[in-house]
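Single-letter residue listing:
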Number of protein chains: 2
Amino acid sequence: MTIFSPLIDEMICALQCLPGVGSKTAQRMALHLLERNRQSARALAKALTAAMDKVTTCLHCRNLCETELCSLCQDTSRDKSLLCIVETPADLVSIEQACSFNGYYFVLGGHLSPIEGIGPEELGITRLLERLSSSEVKEVILATNPTVEGEATAFFLIDQIKAMNIVVSRIAHGVPVGGELEYTSSDTLAYALEDRKSC
Amino acid sequence: MTIFSPLIDEMICALQCLPGVGSKTAQRMALHLLERNRQSARALAKALTAAMDKVTTCLHCRNLCETELCSLCQDTSRDKSLLCIVETPADLVSIEQACSFNGYYFVLGGHLSPIEGIGPEELGITRLLERLSSSEVKEVILATNPTVEGEATAFFLIDQIKAMNIVVSRIAHGVPVGGELEYTSSDTLAYALEDRKSC
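For every chain, the first residue of its written sequence is number 1, and the numbers climb from 1 along that sequence. Both sets of labels track the order of writing: A upward for chains, 1 upward for ligands. It should be noted that, the model being predicted, local features are given only for residues of pLDDT at least 70 and side-chain atom pairs only at 80 or more, the latter also being counted only at that level, while totals for whole chains, interfaces and linings use all residues. Derived side-chain values reflect all non-hydrogen atoms in the structure, with water molecules and hydrogen atoms excluded from consideration.

Student: Help me understand the pairing of strand β5 (residues 139–142) of chain B, please; the structure alone is not making it clear to me.
Tutor: Each regular strand carries side chains that alternate between the two faces of the sheet. Residue and element names in this part refer to chain B. Pairing of strand β3 (residues 82–86) with β5, which is carried by four bridges, proceeds in the parallel orientation. Along β5, the bridge assignment pairs Leu82 with Glu139. Paired strands, in this sense, are two strands between which DSSP finds at least two bridges. Under the scheme used here, helices are H or I runs from DSSP no shorter than 4 residues and strands are E runs no shorter than 2 residues, and both carry numbers assigned from the N terminus. Pairing geometry for β5 and strand β6 (residues 167–170), over four bridges, is parallel. Each residue of the ladder has a partner; that of Leu142, found in β6, is Arg170. A clockwise course of the path from the first strand over the helix to the second, judged with the strands pointing away from the viewer, identifies a crossover as right-handed. The handedness of the β5 to β6 crossover, carried by helix α7 (residues 148–162), is right-handed.

Here you go:
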């Protein structure tokens, strides 16, 4: 016999699909909602269902949205000569929040991983190359993650995009702002030294 | 113009009803569900709705359950002479998980708080006293929180229960197991010293 009734147990189990939520946190969340916030829990259920049913990917950049084209692709005021390639919608959001880029995006939806069966087709690279060949893009900025897989994906793209006579650049690696040298990895410091700027 | 489409924005807002979830965590959760776990998100929505619709309080002990009586009240193998009074269903769960109590429970659903308009009626104290007068309970264990409000609620109950010729006890206060004296509050240490046990 468990302590919770079946429906509460089910809710505690279901809450654990959220990243970073284990059984203890899920239990706390479930009891909080039941005791104090039933209306919000109902609204959450509705919002989840609506989003899962209707949110799909933008036909143009593969960002998440519920319309054919996402709001970024619909925005004609942005710089058509710049295209930034990211791995995930979360990466796109991070770059947008930095307010330093005013071009368009392309979301791969992951990185190349032959072991997991993720090849160029799964990442929409064919569509990306088609788009590049028929667009005004003059520079592609590769903003894949600085991980082994992210670097491999970037290298895979560099040659193919260069062959189209488009400038390709990679976001800079170095010591993060607000970070401390003492806690920065050797790889990062090596990049920071090699790519030093004259003052 | 926000970065997210309206439905994703709504989901991010709705997720913040969960305790401990701010905008950044909610954003991470929403993107995780949309990109990698749509089926679980749908199951979560269903579980939330079912629980909010059907979970109510046990007629006997006021614990959360979807049946008339909760599984603990239905369990006839427990000790009918012991009744433990707790503030919330979460407190009941904590005590059950300690596996040291085999009696029945009564859940107040909060503590006395005249400012917030929470009096004996709201905490079901009338029903509790009725239940005590017509039951085999020989000892009531007060397990309200060791806070000012929890103590006040306990004191309010002590006299009324004693008047019914029922033994009343209060759970012990002291240094928590695994805790360190250095980080234990003065109030707690004062209790620990006063209630010391001869070895």
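Student: Sorry if this is basic, but what is going on with the packing of aromatic side chains here?
Tutor: Residue and element names in this part refer to chain A. Centre distance within 6.5 Å is the pairing criterion for rings of Phe, Tyr and Trp, where only the six-membered ring of Trp is used; planes under 30 degrees apart are then read as stacked, over 60 as edge-to-face, and the remainder as tilted. Counted according to the given criterion, the structure contains two aromatic pairs over all chains. Ring centres of Phe101 and Tyr105 lie 5.2 Å apart, and the angle between their planes is 65°; this geometry places the pair in the edge-to-face category. With respect to class, Phe101 is no different from Tyr105; both count as buried. In this scheme, a residue with accessible area under 20% of its type's maximum is buried, one over 50% is exposed, and one in between is partly exposed, where area comes from a 1.4 Å probe on protein chains only.

Student: Help me understand the relation of the copies chain A and chain B in this model?
Tutor: Superposition of the two copies of the chain requires a rotation about an axis together with a shift along that axis. For the pair chain A and chain B, the relating rotation is 180°, the translation along its axis is 0.0 Å, and the fit reaches an RMSD of 0.1 Å. Taken together, the rotation and translation describe the operation of a two-fold axis. Using C-alpha coordinates, one finds that chain A approaches the rotation axis most closely at A:Ala45, a distance of 2.0 Å. Residue contacts follow a heavy-atom distance rule, with two residues in contact if any of their heavy atoms lie within 4.5 Å. In this assembly, 100% of the residues forming the interface of chain A have copies in chain B that are likewise at the interface, indicating an isologous arrangement. To line up the copies, we fit them by least squares on C-alpha atoms, keeping just the residues with pLDDT of at least 70 in both.

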